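Breakdown of the fold
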Amino acid sequence: MGKGVEIEDLLKIKTVTLMKAAPDLQNVGMVLKEADQEKNEYHFLLYNYDVRKKELRKIFSLRKDAEFYWLTNKELLIKDSENGQETVYA
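Below is a summary of the structure that appears in this document. (Residues numbered from 1 in each chain as written. Predicted model: local features only at pLDDT ≥ 70, side-chain atom pairs only at ≥ 80, totals over all residues. Heavy atoms only, no water.)

**Things to note about the sheet that holds strand 4 (residues 55-62)**
With antiparallel pairing, 4 strands are arranged side by side in an open sheet as 1-2-3-4. Since the sheet does not close on itself, it has two edges, and those belong to strand 1 (14-21) and strand 4, each with one partner. The average undirected angle you get between the axes of adjacent strands in this sheet is 25 degrees. Summarising the sheet, strand 1 and strand 2 (residues 27-36) pair through 7 bridges and their orientation is antiparallel. Across the sheet, residue Met19 finds its bridge partner in strand 2, namely Met30. (Pairing = 2+ DSSP bridges. Helix = DSSP H or I, 4+ residues; strand = E, 2+ residues; numbered from the N terminus. Axes fitted to C-alpha atoms, helices over the stretch in contact; angles between N-to-C directions.)

Set out below in structure tokens:
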């Protein structure tokens, strides 16, 4: 019989917590949640998937309570609900 689930196994799990398609459906923004055992916290990373090129790229790290919205097919508005700061990413 194999070994049971170890804490390290759980730390490898990455979860998509939010996913939104651009208006033209050619880009998909998604937030990936991953654990950081050393800091005892989670990191939230914003990624963009280009449907045409079949490429996934990391845009940057978000705060836990940040939200994003597509302004156009190429521009994202990232809003931090904690401090109200808004950033446009193109």
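Next comes the rest of the account.
**Structural notes on the sheet that holds strand 7 (residues 86-89)**
Ordered in space as 5-6-7, the 3 strands form an open sheet in which the pairing is antiparallel. At either end of the open sheet lies a strand with only one pairing partner, and these are strand 5 (66-70) and strand 7. With direction set aside, neighbouring strand axes in the sheet form an average angle of 20 degrees.

**A closer look at the nonpolar core**
Most often, soluble globular proteins keep nonpolar side chains buried together rather than apart. Among the nonpolar cores identified, the biggest contains 11 residues, and these are Ala22, Val31, Phe44, Leu46, Ile59, Leu62, Ala66, Phe68, Trp70, Leu76 and Ile78. Residue assignment for this core shows that the elements contributing at least two residues are strand 3 (41-50), strand 4, strand 5 and strand 6 (76-80). Broken down by element, the residue count for this core peaks at 3 residues, all from strand 5. In this structure Ile78 touches Leu46, Phe60, Leu62, Glu67, Phe68, Gln85, Glu86, Thr87 and Tyr89, once residues within four positions along its chain are discounted. (Core = buried A, V, L, I, M, F, W, Y, C linked by side-chain atoms within 4.5 Å. Buried < 20%, exposed > 50% of the residue type's maximum accessible area, 1.4 Å probe, protein only. Contact = heavy atoms within 4.5 Å.)

**Observations concerning the packing of aromatic side chains**
Considering all chains together, one arrives at 1 aromatic pair under this definition. Residue placement shows Lys20 over the ring face of Phe68; its charged tip is 5.5 Å from the ring centre. If you follow Lys33 out to its NZ or CZ, it ends over the ring of Tyr42, 4.3 Å from the centre. (Phe/Tyr/Trp six-rings, centres within 6.5 Å; stacked < 30°, edge-to-face > 60°. Lys NZ or Arg CZ within 6 Å of the ring centre and 35° of its normal.)

**Focus: unusual backbone geometry**
At Leu25, a position not held by glycine, the phi torsion is positive, near 65 degrees. Position of Leu25 among the secondary structure elements: in the loop between strand 1 and strand 2. With relative accessibility at 57%, the residue Leu25 sits in the exposed group. Unlike most non-glycine residues, Lys54 shows phi in positive territory, near 55 degrees. Mapped onto the secondary structure, Lys54 falls in the loop between strand 3 and strand 4.

**Thoughts on the side chain of Asn27**
Following the sequence through the fold, Asn27 ends up in strand 2. One polar contact links Asn27 to Asn48, side chain to side chain, over a distance of 3.0 Å. Setting aside anything within four residues of it in sequence, one finds Asn27 in contact with Lys20, Ala21, Ala22, Asn48, Tyr49, Asp50, Val51, Trp70, Asn73 and Lys74. (Polar contact = N/O pair within 3.5 Å; in protein donor to acceptor, adjacent residues only side chain to side chain.)

Read these as geometric descriptors, not functional statements.
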